[in-house]
Amino acid sequence: MAIETLVLGAGQEVGKSCVVVTINGKRIMFDCGMHMGETDHRRYPDFRRISHSGDFNNALSCVIITHFHLDHVGALPYFTEVCGYSGPIYMTYPTKALSPLMLEDYRKVMVDRRGEEEQFTSDHIVECMKKVIALDLRQTVQVDEDLQIRPYYAGHVIGAAMFYAKVGDAEIVYTGDYNMTPDRHLGAAQIDRLRLDLLITESTYATTIRDSRYAREREFLKAVHKCVSGGGKVLIPTFALGRAQELCILLDDYWERMNLKVPIYFSSGLTIQANMYYKMLISWTSQKIKDTYSTHNAFDFKNVHNFERSMIDSPGPCVLFATPGMLSGGFSLEVFKHWGPSEKNLVTLPGYCVAGTVGHKLMSGKLTKSDLGPDSEKDIRCQVHQLAFSPHTDYKGIMDLVKFLSPKHVMLVHGEKPKMISLKEKIHSELGIPCYYPANNETVCIPSTHYENVETSDSFVRSCSNPNFKFQKCSSVDTCNSTSTDRNLMPELQVKDERVAEGILVVDRNKKAKIVHKDELLLKLGEK
Amino acid sequence: MKITCLSKGGGFHLPPCHMLNFCGIRILIDCPLDLSALIAFSPIPTAFDALRFEESNNTEANDLLDSNVGSEKRQKIEKNLDAESLIFEEPWYKTVKNLHLWNTSFIDVVLISSPMGILGLPFITRMKGFSAKVYVTEASARLGQLMMEDLVSMHAELRHFYGPETSDFPPWLRQEELEMLPSVLREIICGREGVESGGWMPLYSAADVKNCILKVHTVKYAEEACYNGTLVIKALSSGVEIGSCNWVLNGPKGDIAYLSSSSFISAHAMSFDYRSLHGTNVLVYSDFSSLCDTQDIEDGDNYSVPTADKLLPMSFQDFDEFNLNSDENLEEREKLIFISSCAIECVNGGGSVLIPVNRLGTILQLLEEIATSLDASALKIPVYIISSVAEELLAFLNIIPEWLCKQRQERLFAGELLFAYVKLLKEKRIHVVPAIHAHKLLMNSQEPCIVFCGHWSLRIGPAVHLLRRWCGDPKSLLILEDVLNPELALLPFQPIAMKVLQCVCSSGIGLRKVQPLLQTLQPKTVLFPEDLRLQINFPIEKPFSVLHYTEAETLKVSCQKNSSELKIAKDLASHLYRITFKNQQIQICRLKGELFMENARYHLLPDNDPKHSLSRPLVHCSLPDSEKLLAALSKVGINASLEPISETESQTVCILHTHDPCKALIEIGTTSTVITTAGQNVASLIYKVVDNIFGGV
């Protein structure tokens, strides 16, 4: 019995998360993402490795999507509608509600603005989502007779979940992306103490330790405030969901407190619509927001308005949320080209940008004119603020989770190779747990737990719970040698109650093996 | 496993109540309140009534004086039933009488299957020594809390009127007073057998409700909650109300499914998840709804249960098809459309409509139905919802897509509002006010109007005042749902000129569906209510056994196996050394480890503590062959001889004497072997030989 893990994506990189785990013959695909930085066939996981014949329905027991980010769900319509997978797909309610928005937005950006050949159509997205089975947190689902799955709250974005899967006695958890500290609108990840054979965890910030998030939030607000008071425009490139709502709660609250009148805009109707979903899914947000739903829904923003394309060059300060994030194309890039040349303006970028995007180049200072297309003439001179808070867990959070779950094996995905190596060493040396970080298309095989099932008689069970007291007196020699503080800690008489189960296993050839108490043995044999 | 049915309940608002003993854990299922018994009390008296009430009190005092003089003179004449025979006192509330016979501190687990099942819980949780873990679905807990808060606030009006209670024992509960009551009322208070008067309690306070909610442990549908490592508890949707559920309990000795009132049709709550109840050892069938469905019995021809000679197991597929073919859904829908059209007709004619809030599902659908009809007819009729908790309730219902039926969930995925009333609230077509005297209502009330308000018993809440206002108006309409005794309910408001529309909504598993459902679920044993024996007659040949249970009697269900499952860790199992016995038929080996209980399964893990290496004495079993023993002894240099044994000593199998090198006696009995010798060395030597021959474990 073994657990075989094939990493199709997010192995020693960030993007196109896709891990296929085979547990005791059952095969589960965790996430089905696409890579934002690639444009050729490499943007999707190499599905042929699951089944050469393309018969995915027999090759996979189910597909599980952890959250709605494109690097986790982006390839799903392609996989179901083009590759032809029609088996069960599981995700949480918010993920099912919000994924189509993300996919549709991405498809539009790719086709309408970049002019690429489309990989899947709007109809594909609709058809694909019909196959999805929505789950509530901790809802335990029996996928088939042997396979059981269960989502746990992961923080990160609304509806993000860590997934537990069990086949026979083998148990694993795939975390997806998670956050161990609560943020403005979401709670921290929560999971039960489980007996795991394997924990597959993300490792985006495998080496970072972050300090107080409030200080970082203040920095962000100060930078925005300074810019708008100087008459500048603030561009916040984000995806429509998640970060946009978090920052909006932050800004809306700040605007209210500081009595600011500078307009805050959302670039498209999409985000306004997204807020509508958030209002209905409020039970998936943090406790604080949940508690106030009946009086004021936190996603009813007071200072937020719609933005029209004609307003790009209109004068005066403003704050604009524009999609997509990371300036990977589309409207946010268009606005950036207009606002970038002025040093009065400000662009805020998330803590992490996928390699190959304009955002990544801007952050690393390697942005050239050619990256912005042939028509750009001016140099980029605007200020750049990097958001130092992120919905991903940091090093401490990863270690806390690994320590809490104490699995038999750990596997790192969704991170950069050098950081993974460093984290692997830490997990191995500090926690003594074997750790792996396979590259894309590599397979790792680990043994799995297996229990022998036997019957047990009641008197054996009763005998096990009999108290087994042991009284131990600390000898005077010991107390003399130890220091005085130790003597206080060690009472003279120590009482132990360690119950050890002792019985006799009887294996009858035609019957199930049975454990009996030693007094029962003669009876049992006498029956023969 | 033992089950005691404490109460078989009655209808939608009074679910049954059971006490279960499973794997040594005492489990209480549901803790309802019989709110229909409120009908025995008078609604809050009006100024005119109050005057009469004062007078009657005075005469009563005189009566008492008289009776002191000669109590034997007092005649037991049953009064006629009229508005004055109702009890003019602060109402008490009827709890499950049999529950008071149990010591609440011995209850380990409480399972609440619906928002209605939680209403009596504060009475228990406030008791001293209560320490049970209460499991309830998140939605049931929230809805239940809102219902309790509403009840407390409606009751407050009466408490203000009657003032603080003077004694612990209200005068109307005295035996002599009860005997004076009309029989209908006496039966409500004392029950049919006249023993239920002990279940009456004064209402809990808002603080009790708050404390009660703090003590519950909320779960989601299909979440596995583990009690004490021994019992895995799972709530599965039952379809009757938002958050209502059936339970599957999984212990080391097997599993139990508890099937409460369940509905195959639901236009608001998540549908009945019967697949998850499949294949349990025991199924407790606790849907008594068909007892109340008089309709079913009257239309006997349509609903008679086909009596097959034998029941065969049924597949889920067949059962789903069977369900699809029934037209219940359509019937319910037609009912609602009819009610709504009556309401519209009424407001068109210039009358007002009063709809006492009964079932949430009906109210939500009516609200939508009436609002669309109003839209279509372009009438400017306001709709009021009067309740202290309505605002919160309506906000809550729009953020719980996970607990709603498929059609509502599709709205979430399409980005639409879960319930259409949100739009109407924004457009100010529906007004939500906390109380009848709220400023907002006083300022813009307008008649005719449509009002939704509590309470369905017509004894407390805003419904009383509105009914008094409109009962004389023949143009107005009152819509009653599921009221068992409408004459008595309307008694204090006589004479009534307003129109009254009564409707009965089906709840629960229809009689026709019971057998197919059980055939599909395929439990080993079904515990079925004795009261339903007449309605459902199981054929002799069936895939499960049936036991019948009755109220207030304990039924013991024998466990099929007196053993449990245990899982041995692989690393422990691989170290086992087996000894073969009796012609290779049986292998036995000694086993040692640490026993754990986790998720209702025993686990035996290797015990790595070297301190425990000291073994307990070995057990030898097998009858020794004396010839073999002699041979083995001579091998180590001990000569022995066999002593012939007398037939009378049946306990002894054989006796051996050794002579050389020293003397010893070996007595071999059927259950033990004794070695007697002078020297310790010799003893241990002989022991080794005997050990080898016997094969110890």
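Residues numbered from 1 in each chain as written. Chains lettered and ligands numbered in written order. Predicted model: local features only at pLDDT ≥ 70, side-chain atom pairs only at ≥ 80, totals over all residues.

At the interface, 49 residues of chain B touch 45 residues of chain A. Residue assignment for the side of chain B that touches chain A shows that the elements contributing at least two residues are helix H13 (390-397), helix H14 (406-413), strand S24 (563-569), helix H20 (570-573), strand S26 (586-598) and strand S27 (601-605) of chain B. Ranked by residue count, the leading element in the side of chain B that touches chain A is S26(B), at 10 residues. Residue classes in the side of chain B that touches chain A are distributed as 24 nonpolar, 9 polar and 16 charged. Pairing analysis gives 8 bridges linking strand S24 (residues 501-508) of chain A to S26(B), with the strands arranged antiparallel. (Contact = placed C-beta atoms within 7 Å. Helix = DSSP H or I, 4+ residues; strand = E, 2+ residues; numbered from the N terminus. Nonpolar A, V, L, I, M, F, W, Y, C, P; charged D, E, K, R; others polar. Pairing = 2+ DSSP bridges.)

This part takes up the sheet that holds strand S12 (residues 233-237) of chain A. Residue and element names in this part refer to chain A. Strand order in the open sheet made by the 6 strands is S14-S13-S15-S12-S16-S17, with parallel pairing throughout. The open sheet has two edge strands with one neighbour each: strand S14 (304-306) and strand S17 (383-386). Pairwise comparison of adjacent strand axes, ignoring direction, gives a mean angle of 25 degrees for this sheet. Bridge count between S12 and strand S16 (residues 346-349): 2 bridges; the pairing is parallel. Following the sheet pairing, Val234 is matched in S16 by Leu346. (Axes fitted to C-alpha atoms, helices over the stretch in contact; angles between N-to-C directions.)

Take the sheet that holds strand S11 (residues 231-237) of chain B next. All names here are of chain B. Pairing is mixed in the open sheet, where 7 strands are placed in the order S10-S11-S12-S13-S14-S21-S22. For this open sheet the edge positions go to strand S10 (224-227) and strand S22 (545-549), each flanked by a neighbour on one side alone. Averaged over all pairs of adjacent strands, the angle between strand axes in this sheet comes to 20 degrees, irrespective of strand direction. For S11 and strand S12 (residues 245-251), the ladder comprises 6 bridges, and the chain directions are antiparallel. Counted as the bridge partner of Lys234 is Val248 from S12.

Mapped onto the present numbering, the UniProt feature "domain: Beta-Casp" (unreviewed entry) falls on residues 363-484 of chain B. Summarising residues 363-484 of chain B: 43% helix, 14% strand, and an end-to-end C-alpha distance of 19 Å. (UniProt positions renumbered as here; feature names shortened; annotations may be inferred.)

All names here are of chain A. Parsing chain A into structural domains produces domain 1 (2-209 + 391-447), domain 2 (213-386) and domain 3 (455-526). Once you take the C-alpha centre of each, domain 1 and domain 2 turn out to be 28 Å apart. Domain 1 puts 27 residues into the contact, and the matching count from domain 2 is 30 residues. (Domains from an automatic or database assignment.)

If you look at the biggest cluster of nonpolar residues, it comprises 298 residues, and the most contacted ones within it are Val19(A), Met102(A), Phe163(A), Ile172(A) and Leu241(A). The dominant element in this core, judged by the number of residues it contributes, is helix H3 (residues 138-162) of chain B, at 9 residues. Ignoring any residue separated from it by four or fewer positions in sequence, one finds Ile172(A) in contact with Ile3(A), Val21(A), Ile23(A), Ala165(A), Leu196(A), Asp197(A), Leu198(A) and Ile200(A). In terms of nonpolar packing, the next biggest core, distinct from the first, is built from 17 residues, Val454(A), Ile588(B), Leu591(B) and Leu604(B) among them. (Core = buried A, V, L, I, M, F, W, Y, C linked by C-beta atoms within 7 Å. Buried ≥ 20, exposed ≤ 12 C-beta atoms within 10 Å, placed from the backbone.)

Working note: non-glycine residues mostly have negative phi, and peptide bonds are mostly trans. Each neighbour pair has its own omega, and for Glu447(B) with Pro448(B) the value is 0 degrees, a cis peptide bond. Looking along the chain, the bond that leaves Gly454(B) and enters His455(B) is cis, with omega of 5 degrees. Within the fold, His455(B) resides in the loop between strand S18 (450-453) and helix H17 (462-470). Within the chain, Ser406(A) stands out as a residue other than glycine whose phi angle is a positive 40 degrees. Residue class for Ser406(A) comes out partly exposed when judged on the 15 C-beta atoms lying within 10 Å of it. Positive phi, close to 50 degrees, is recorded for Asp482(B), a residue that is not glycine. Mapped onto the fold, Asp482(B) is located in the loop between strand S19 (477-481) and helix H18 (486-490).

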